[in-house]
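Now for the letters of each chain:
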Amino acid sequence: MFFLLVLAIIAISPLISSSSEPGKEHIQGLEMYKTWHIHAVNGMSHNKVLFLHCKSGNNDLGIHNLTVGTEFNWKFKPQVFGKTLFWCYMASNNVHASFNVFWRDDVLFYKCNYKNCFWIAKDDGVYLKNIPENYDELRHKWEPGRLLDANSTM
């Protein structure tokens, strides 16, 4: 019995290694597998409405029109075996952006403080809040045009 316990500890030790440095090739503890929260925030000016459509391979989270200062958020537990991926399409006026909002990545996990990813649409593009370092990082500049509207699907 003791041998099986030692064998189990050796088998999971790569999963529970930790690092305080972002970008290392391992996940801090079992943080990856707890409940995560994704927030899509309209941080734009002049009463601009943000069109939002987010999905994963298994879930379509629907179409949302966010007024300035509001957000759409959801929570989930990543798949233990497999790859959990969420992506969003955002548009306002005559600009848009389409990008991943959650994927397995140590740097992303660090910036999201291992539980909350905040994607903020601003006038010049979409930002990811770097929670530990307390700043918003421009990740996606708006592209001209608009690919989807309330009657379209991704």
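Rules of the game
Residues numbered from 1 in each chain as written. Predicted model: local features only at pLDDT ≥ 70, side-chain atom pairs only at ≥ 80, totals over all residues. Heavy atoms only, no water. Buried < 20%, exposed > 50% of the residue type's maximum accessible area, 1.4 Å probe, protein only. Helix = DSSP H or I, 4+ residues; strand = E, 2+ residues; numbered from the N terminus. Pairing = 2+ DSSP bridges. Salt bridge = Lys/Arg side-chain N within 4 Å of Asp/Glu carboxyl O.

Enquirer: So what about the pairing of strand β4 (residues 71-76)? Which residues, and what values?
Expert: Burial along β4 is one-sided: the face carrying Phe72, Trp74 and Phe76 is buried and the face carrying Glu71, Asn73 and Lys75 is not. One ladder, built from six bridges, connects strand β1 (residues 36-42) with β4; its direction is antiparallel. Directly across from Trp36, in β4, lies its bridge partner Phe76.

Enquirer: So, unusual backbone geometry: which residues are in play, and what are the values?
Expert: With a phi angle near 55°, Asn47 is a residue other than glycine that sits in the positive phi range. By the element assignment, Asn47 lies in the loop between β1 and β2 (50-56). Judged by its relative accessible area of 71%, Asn47 falls in the exposed class. Non-glycine residue Asn113 carries a positive phi angle of around 55°. Here Asn113 shows up in the loop between α2 (106-111) and β7 (116-122).

Enquirer: Requested: an account of the pattern of salt bridges, with residues and values cited.
Expert: Taken as a whole, this structure holds five salt bridges when the rule is applied. Among the ionic pairs, Glu137 bridges to Lys111, the shortest N-O distance being 2.7 Å. Note that Glu137 is positioned in strand β9 (residues 135-141) and Lys111 in helix α2, a separation of 26 residues in sequence. With respect to class, Glu137 is no different from Lys111; both count as buried. When the shortest N-O distance is used, the salt bridge between Lys129 and Asp136 registers 3.0 Å. It is possible to trace a salt-bridge network through shared partners that takes in Lys111, Glu137 and Arg139.

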